[in-house]
Amino acid sequence: MYEWFRKSSSILFIRWSLIDIDEEQLKKETAELEMVLSTCVKGDFIILMIYPTDKVGQLTEVNWGMKHVCVIYVPVKIDPITHNDT
């Protein structure tokens, strides 16, 4: 895996959060993950953070202020892949 980190020109990491995790804790963990990956990955990378929450009624992009992180809030009742109610 580290070989891919060094040789790939770009990598997409996907992290699916737990429903009941504290958002501030998740932000802290994501910032730590971004920092670690920035030391391992030689090319560009993005961390797609999918965060199920009751805060939104539809898929919503949120800016957490991290260079390599894209955050999507997903309604708890909607499957983010099929967009169907669960």
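Position numbers for residues count from 1 along each chain, tracking the sequence in the order it is written. Given that this is a predicted model, residues contribute local features only at a pLDDT of at least 70 and side-chain atom pairs are listed and counted only at 80 or more, while totals for whole chains, interfaces and linings are drawn from all residues. The basis for the side-chain values is all heavy atoms of the structure; hydrogens and waters are excluded.

A. Representation of the overall build of the protein chain. In terms of helices and strands, the protein chain carries 2 helices and 4 strands. Classification of residues uses two cut-offs on accessible area relative to the type maximum, computed with a 1.4 Å probe and protein chains only: under 20% is buried, over 50% is exposed, and between them is partly exposed. Each of the 86 residues in the protein chain was classed as buried or not, and the buried ones make up 34%. Contact definition: two residues touch when any of their heavy atoms are within 4.5 Å. In the protein chain, of all internal contacts separated by at least 6 residues, the share reaching a separation of at least 24 is 48%. The protein chains shown are the only cover counted for residues, whose accessible areas, like all others here, come from Shrake-Rupley with a 1.4 Å probe. In the form shown here, the protein chain has an accessible surface area of approximately 5,900 Å², with 55% of it arising from carbon and sulfur atoms. Each helix corresponds to a stretch of at least 4 residues labelled H or I by DSSP, and each strand to a stretch of at least 2 residues labelled E; elements are numbered beginning at the N terminus.

B. Structural detail: the packing of aromatic side chains. Here a Phe, Tyr or Trp ring, Trp counted by its six-membered ring, pairs with any other such ring whose centre lies within 6.5 Å, and the pair is stacked when the planes are under 30 degrees apart, edge-to-face when over 60, and tilted otherwise. In this structure the tally under the stated criterion is 3 aromatic pairs. Their ring planes at 80° and their centres at 6.2 Å tell us that Phe13 and Phe45 sit as a pair that is edge-to-face. Here the residue Phe13 occupies a position in strand β1 (residues 10-16), and Phe45 occupies one in strand β2 (residues 44-53), the gap between them amounting to 32 residues. On the basis of relative accessibility, which here comes to 18%, the residue Phe13 falls in the buried class. On the accessibility criterion, Phe45 (4% relative accessible area) is buried. Site record: aromatic cluster; members linked through ring pairs are Phe5, Phe13 and Phe45.

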